[in-house]
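Coordinates in review
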Amino acid sequence: MSTKSIIHLDLDTFFVSVERLLNSKLENRPLIVGGMGDRGVVAASSYETRKFGIFSGMSMKVARQLCPQAIVIKGNASTYTYHSNIVTEIIQNQVPSFEKASVDEFYADLTGMDKFFGIEKFAKELRQNIIKESGLPISFGLSQNKIVSKIATGEAKPNAESIVARGSERNFLAPLAVNKIPLIGNKTYQTLMNLGVYKIETIQQMPVEMLESVLGKNGRTIWKRAHGIDNSPIIPFHKRKSISTERTFGRDTIDMIRLHATLVAMTESLAYQLRKGNKLTSQVSVKIRYSDFQTQSKQAKIPYTSADHILIPKIEQLFKQLYSRRLLIRLIGVKFSGIVGGNYQINLFDDSEEMLNLYNSIDRIRNKFGEHSVMRAVTLGTKTIGRMGNAFDGAPPVVLAHRKQ
C-alpha cells in the first residue's frame, strides 16, 4: 500500500497579490484590502503591514492608526474569484483528486504518483506552473496528511515550499508554537499558555488524558495533531453554482403574513448556508406556483453578498413585483445563483465592524446549537426551513423531495 502524500497549497496574501498583479506600482508597499471607512474591516494585509500588528478581521480604523502610510483598497469579490478559478483549473487539470478548502487554499492527494513522476518533483513543478500561469505567489506543504501539510505551508511562507518526510512529523512539529495547530484559537491558546504550554513539544510529552481534562473533547484531537496524526480525507471538489429551497403548502394560501414569514425564513437559511460555506451570491430569484399550477419566477442581479440584511429586502421586493394575480398560492421558492467562493469578509467591505461581529456571533451560536437556535421574530411558527450539514462541502448536491408546510 502506498504511503499517503497530501499537498496543501495556499495563495500568499491572496487579495493583496491579486491587487499587485493588476497594479505593479503596489509591489513592496504596505497594502490593506478591506472596508474603506473607519467602521470597515480588514479583509487582507500585505506582509509589509504585519510588522505593525495588522491582521485580517481587525477594525480598519485601528489598522490605519497602526500603519498610517498603508495604501487601502476596497477590493472586489468577483475579481478575486476569477483569479481563484484560474488556479483551480490548473490544479484540476494536473492532479487526480483535490479539495478546494477556500478561495485561496487547496489540498490534493498525490498518493501513488511517485510511480510515474516522483511526488516531490511533481509538487514543485505544479507550484511553478501555478506561478507562471496565474502570476500569483503560492506556497505548499507536503506530508502524509492534511494537518501536517497545512502547518508546513504556514512555515514555508511567503512564496516557498516545505516537505516533511514520513517519520519526521513529530520532530518537525516539536519546536513550533502550539497555536500553529489548526483548532487552537485565541481562547485555547491562552488556556495552554496559562499552563505553561508554549511549544508543541510540550503537548507531545503530555498524557492525552491530561489534555482532555483541560480542553474537553478537542483535547484528544489537538494531542493527535501535535503528534502529526491525522486521518481526515480529501473531499473531492464539485463546483456548486446555485442553492435553493421551496415550500409546498399543505393547503393553498393567500395569507400574506404566512407567505412573508416563509420567504424570510428561507432567505435567512440560504444566507446562513452561504456564510457557512464561505460563498457569495450575485443573483437571487423568487418562484411562485399558483393553485392552477401556473408557475412564475422573477430574478435580479445584485452585488456579491451573503448578508441577510441585503438579501431579505431584495427577496421581499421580488415577491411584491411577481405576485400580481391575487390567486391562491400552492408553492413558493427562493434561489441564489451566480455563486462564487470567497471569505465572508469580502462581502462586508461596505458594512460596519459591528455588523460583521453580529453575523459572526449569530453564526457561531447556530454552528454550536443548530440553525434554529437564532431566528427572526417574523419567522416564528414557520416549519423547518434549514438543512443539515454544509451545502458547499464539495459533495454533489443532495436532491430532496419538497417538504410540505
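Scroll up to find the structure this text is about.
Reference entry: report on the structure contained in this document. Keep in mind it's a predicted model, so treat the numbers as computed, not measured.

What counts as what
Counting restarts for each chain: residues are numbered from 1 in the order of the written sequence. Per-residue local features of the predicted model are confined to residues with pLDDT of at least 70, and side-chain atom pairs are confined, for both listing and counting, to 80 or more; whole-chain, interface and lining totals are unaffected and use all residues. With hydrogens and water set aside, each side-chain value is computed from the structure's full complement of heavy atoms. Only residues whose relative accessible area exceeds 30% and that form no salt bridge are eligible for patches; like-charged ones are grouped when within 9 Å, while nonpolar side chains (Val, Leu, Ile, Met, Phe, Trp, Tyr) are grouped when within 5 Å. Note on areas: these come from Shrake-Rupley sampling with a 1.4 Å probe, and a residue is covered only by the protein chains present in the view. When a carboxyl oxygen of Asp or Glu lies within 4 Å of a side-chain nitrogen of Lys or Arg, that pair is called a salt bridge. A run of H or I in DSSP counts as a helix once it spans at least four residues, and a run of E counts as a strand once it spans at least two, with each numbered from the N terminus. Axis definition: a line fitted to C-alpha atoms, over the contacting stretch in the case of helices. Angles run 0 to 180 degrees between N-to-C directions. In what follows, roughly perpendicular refers to angles from 65 to 115 degrees, roughly parallel to angles under 35, roughly antiparallel to angles over 145, and oblique to any angle outside these ranges. Only heavy atoms enter the contact rule, under which two residues are in contact if any of them lie within 4.5 Å. Polar here means any residue other than Ala, Val, Leu, Ile, Met, Phe, Trp, Tyr, Cys and Pro, which are nonpolar, and Asp, Glu, Lys and Arg, which are charged; Gly is therefore polar. Ring geometry is summarised as follows: Phe, Tyr and Trp rings, the Trp one being its six-membered ring, pair when their centres sit within 6.5 Å, and such pairs are stacked at plane angles under 30 degrees, edge-to-face over 60 and tilted between the two. Residue exposure (1.4 Å probe, protein chains only): buried if accessible area is under 20% of the type maximum, exposed if over 50%, otherwise partly exposed. In this analysis the charged atom, NZ for Lys or CZ for Arg, is taken to sit over a ring once it is within 6 Å of the ring centre and within 35 degrees of the ring normal. Two strands are counted as paired when DSSP detects at least two bridges linking them. Each crossing gets its handedness from the near helix: less than a right angle anticlockwise from the far helix is left-handed, clockwise is right-handed. What the arc covers is the set of directions going from the helix axis to the C-beta atoms.

1. Digging into a nonpolar patch on the surface
Together, Leu195, Met210 and Val214 make up a nonpolar patch on the protein surface, roughly 250 Å² of accessible area in all. Here Met210 is to be found in helix α10 (residues 208-215).

2. Quick word on the packing of helix α1 (residues 14-22) against helix α4 (residues 77-92)
Packing of α1 against α4 brings their axes to within 10 Å, and their N-to-C directions diverge by 95 degrees. The angle between the axes of α1 and α4 places the two elements in the roughly perpendicular class. Contacts from Phe14, Phe15, Val18, Glu19, Leu21 and Leu22 in α1 reach Thr79, Tyr80, His83 and Ser84 in α4. Classifying every residue of the contact of α1 with α4 by side-chain character gives six nonpolar, three polar and one charged.

3. Description of the packing of aromatic side chains
Throughout the structure, instances matching the rule amount to five aromatic pairs. Ring geometry for Phe15 and Tyr80: centres 4.4 Å apart, planes at 15 degrees, overall stacked. With Phe15 in helix α1 and Tyr80 in helix α4, this residue pair connects regions lying 65 residues apart in the sequence. The two residues Phe15 and Tyr80 agree in class, both being buried. Through successive ring pairs, a cluster of aromatic residues spans Phe14, Phe15 and Tyr80. Lying across the ring of Tyr47, Arg50 places its NZ or CZ 4.7 Å from the centre.

4. As for the pairing of strand β11 (residues 295-305)
Strand direction decides the pairing type here: strand β10 (residues 279-290) and β11, joined by eight bridges, are antiparallel. In the strand pairing of β11, Val284 is matched with Ala300. Once β10 ends, the chain turns through four residues before running back antiparallel as β11, passing Phe293 with a positive phi of about 70 degrees.

5. Regarding the side chain of Ser84
By secondary structure assignment, the location of Ser84 is in helix α4. Not counting the four nearest positions on each side in its chain, Ser84 is found in contact with Phe14, Lys100, Val103 and Phe106.

6. A word on the packing of α10 against helix α11 (residues 218-226)
At a closest axis distance of 7 Å, the pairing of α10 and α11 adopts a crossing angle of 135 degrees. Put simply, α10 runs oblique to α11. At the point where α10 passes α11, the crossing takes the right-handed sense. On α11, the residues that touch Val208, Leu211, Glu212 and Leu215 of α10 are Asn218, Gly219, Arg220, Ile222 and Trp223. Residue composition of the contact of α10 with α11, by class: five nonpolar, two polar and two charged.

7. Considerations on the environment of Tyr82
Tracing the backbone shows Tyr82 in helix α4. For Tyr82, a relative accessible area of 53% puts it in the exposed group. With 258 residues separating them along the chain, Tyr82 and Val340 place their C-alpha atoms 9.0 Å apart.

8. Here we look at the sheet that holds strand β4 (residues 71-73)
Pairing in this open sheet of three strands is mixed, and the strands run β3-β2-β4 from one edge to the other. Both edges of this open sheet fall to β3 (42-45) and β4, since each of them pairs with a single strand only. Neighbour-to-neighbour, the strand axes of the sheet open up by a mean angle of 25 degrees, direction not taken into account. Relative to β3, strand β2 (residues 31-34) runs antiparallel, the two sharing three bridges. By the bridge assignment, Ile32 is partnered in β3 with Ser45.

9. Concerning the sheet that holds strand β7 (residues 138-143)
One open sheet holds the five strands; their spatial order is β5-β6-β1-β7-β8, and the pairing between them is mixed. Where the open sheet ends on each side, the last strands, each with one partner, are β5 (98-102) and β8 (161-163). The sheet shows a mean angle of 15 degrees between the axes of neighbouring strands, direction not considered. Bridging between β5 and strand β6 (residues 105-109) involves four bridges; their strand directions are antiparallel. Residue pairing in the sheet places Ser102 in a bridge with Glu105 of β6. Against the sheet, α4 makes contact with β1 (6-11), β5 and β6, and its axis sits at roughly 160 degrees relative to β5, the strand it touches most.

10. Here we look at unusual backbone geometry
Excluding glycine, most residues fall at negative phi; most peptide bonds, likewise, are trans. Of the consecutive residues Lys157 and Pro158, the connecting peptide bond is found in the cis state with omega at 0 degrees. If you trace the backbone, Pro158 turns up in the loop between α6 (146-156) and β8. Positive phi, normally seen in glycine, also occurs at Thr13, with a value near 35 degrees. Residues other than glycine seldom take positive phi values, yet Asn28 does so here, at roughly 60 degrees. For Asn28, the location among the structural elements is in the loop between α1 and β2.

11. Describing α11
Of the residues making up α11, those classed as buried are Gly219, Ile222, Arg225 and Ala226. When α11 is viewed along its axis, its buried side chains cluster within an angular range of 130 degrees and face the same direction.

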